[in-house]
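A closer look at the structure
Residue strings, one per chain:
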Amino acid sequence: MKKLLSWGGVGLLTTALLDPLLYSMLEKPIPWGRDLLMAAAGVGCFYLLVKFRDSF
């Protein structure tokens, strides 16, 4: 579970940060809602990882 949460957090935050860059290079409108949801999910994964660090 620990590995899943850490991979999820890193993957979601990285994608949320790089996705607007990719869309701006392709000159397409940036889907801000999706990027904000991915960032929130990544932060949530790290929050759960820190909150339950002793039980995993």
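Above this text sits the structure in question.
Here goes a summary of the coordinates provided. (Residues numbered from 1 in each chain as written. Predicted model: local features only at pLDDT ≥ 70, side-chain atom pairs only at ≥ 80, totals over all residues. Heavy atoms only, no water.)

**Some points on the overall build of the protein chain**
Within the protein chain, the regular secondary structure consists of two helices and zero strands. Rg of the C-alpha trace for the protein chain: 13 Å, well past the compact-globule value of 10 Å for 56 residues, more than 25% over. Over its C-alpha atoms, taken along the principal directions, the protein chain stretches across nearly 45 × 15 × 10 Å. The buried share of the protein chain, taken over its 56 residues, is 20%. Per element, the accessible surface of the protein chain, about 4,300 Å² overall, is 73% carbon and sulfur. The distance from the centre of the 6 positive side-chain charges to the centre of the 4 negative ones in the protein chain is 12 Å. (Helix = DSSP H or I, 4+ residues; strand = E, 2+ residues; numbered from the N terminus. Rg over C-alpha atoms; globule rule 2.2 N^0.38 Å. Buried < 20%, exposed > 50% of the residue type's maximum accessible area, 1.4 Å probe, protein only. Areas by Shrake-Rupley, 256 points an atom, 1.4 Å probe, with all protein chains shown as cover. Lys, Arg positive; Asp, Glu negative; His and termini not counted. Charge placed at Lys NZ, Arg CZ, Asp CG, Glu CD.)

**Section: the side chain of Asp19**
With respect to the secondary-structure elements, Asp19 resides in helix H1 (residues 2-25). Of note is the side chain of Asp19, whose polar atom sits 2.7 Å from the side chain of Arg34. (Polar contact = N/O pair within 3.5 Å; in protein donor to acceptor, adjacent residues only side chain to side chain.)

**Considering helix H2 (residues 32-51)**
Spanning 20 residues, H2 covers 28 Å between terminal C-alpha atoms, matching the ideal 28 Å at 1.5 Å per step. All buried positions along H2 are accounted for by Asp35, Met38, Gly42, Cys45 and Leu49. For H2, the angular spread of buried residues about the axis comes to 85°, placing them on one side. In H2, the exposed positions that point more than 90 degrees away from the buried face belong to Trp32, Leu36, Leu37, Val43, Tyr47 and Lys51. (Expected span 1.5 Å × (residues − 1). Arc of directions from axis to C-beta.)

**Here we look at H1**
Spanning 24 residues, H1 covers 35 Å between terminal C-alpha atoms, matching the ideal 34 Å at 1.5 Å per step. Along H1, the helix axis deviates most sharply at Leu18, where the bend reaches about 30°; the proline Pro20 sits within four residues downstream. Inspection of H1 places Leu5, Gly8, Gly9, Ala16, Asp19 and Pro20 among the buried residues, and these make up the whole buried set. Check the buried side of H1 and you find it contacts H2. Among the residues trailing H1, Glu27 stands out with phi positive, at a value near 55°. (Bend = angle between axes of the 7 residues up to and from the residue. Contact = heavy atoms within 4.5 Å.)

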